[in-house]
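# Examining the three-dimensional arrangement
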Amino acid sequence: MHAELQLDNQVCFRLYTATRLITQAYTPLLNKLGITYPQYLVMMVLWEKDCQPVNDIARRLLLETNTVTPLLQRMEKQGIVVRKKGEEDKRQQIVSLTMKGKEMEEEAYEIIPAGMRQELSACPFQMGDYQNFASELDTIIDALKNKEK
């Protein structure tokens, strides 16, 4: 058996497992808002800057537009975003938050951060540890993202 092929020696397995479990921890919190984790990611992008083209949202999330479009369609049916044609480029779809979507930010703020702190309370990390870890992950993401180009 090659040590490099053992599951316990795989960083990717740990990242995959952590991602799956963190997403699972978000689920009951997001259920209170009536959205999924991928929809939450879209909402965070729009809370940062409203009225964005679908392409920009997809780029920010490192996803393809054909992945983001069905999410947006469901979100539009939920009444939290609207899509309209771009004024300058009619081929472009501009996504905007509705009043319900804007109000959801405050509700999310009251539910999500405290809920996730509670979920991670058994973990010995301090906030600075998470910020350092996020920075290290960003380095990995940037290196791999640049390989795609």
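You'll find the structure just up there.
All residue numbers refer to position in the chain's written sequence, counted from 1. Residue-level local features of this predicted model are given only where pLDDT is at least 70; pairs of side-chain atoms are given and counted only at 80 or more, and the full residue set underlies all totals for whole chains, interfaces and linings. Derived side-chain values reflect all non-hydrogen atoms in the structure, with water molecules and hydrogen atoms excluded from consideration.

The next point concerns the nonpolar core. Residues belong to a common nonpolar core when they are buried Ala, Val, Leu, Ile, Met, Phe, Trp, Tyr or Cys residues joined through side-chain atoms within 4.5 Å. The classification of residues rests on relative accessible area computed with a 1.4 Å probe and restricted to protein chains. Under 20% of the type maximum is buried, over 50% is exposed, and intermediate values are partly exposed. Residues Leu-33, Ile-35, Tyr-40, Val-42, Met-43, Ile-57 and Ile-112 are the most contacted members of the largest nonpolar core, which totals 29 residues. Where helices and strands are cited, they refer to DSSP runs of H or I of at least four residues and of E of at least two residues respectively, numbered from the N terminus. Broken down by element, this core gets its largest block of residues, six residues, from helix 2 (residues 37-48).

Locating Ala-134 in the fold gives a position in helix 6 (residues 127-148). For the pair Ala-134 and Asn-66, spaced 68 residues apart in sequence, the C-alpha separation works out to 27 Å.

Below, the discussion takes up helix 4 (residues 65-77). The end-to-end C-alpha separation of helix 4 is 18 Å, in line with the 18 Å expected for 13 residues at 1.5 Å each. Regarding helix 4, the residues found buried are Val-68, Leu-71, Leu-72 and Met-75. Burial along helix 4 is one-sided: seen end-on, the buried residues are contained in an arc of 100°. Exposed side chains of helix 4 directed beyond 90 degrees from the buried face belong to Asn-66 and Lys-77. Packing partners of the buried residues in helix 4 comprise helix 2, helix 3 (54-60), strand 2 (81-85) and strand 3 (93-97). Note on helix 4: the residue one or two positions beyond its end, Gly-79, has a positive phi of about 80°. A helix is expected to span 1.5 Å multiplied by its residue count minus one. It is the directions from the helix axis to the C-beta atoms whose arc is reported. Every residue pair with non-hydrogen atoms within 4.5 Å of one another is taken to be in contact.

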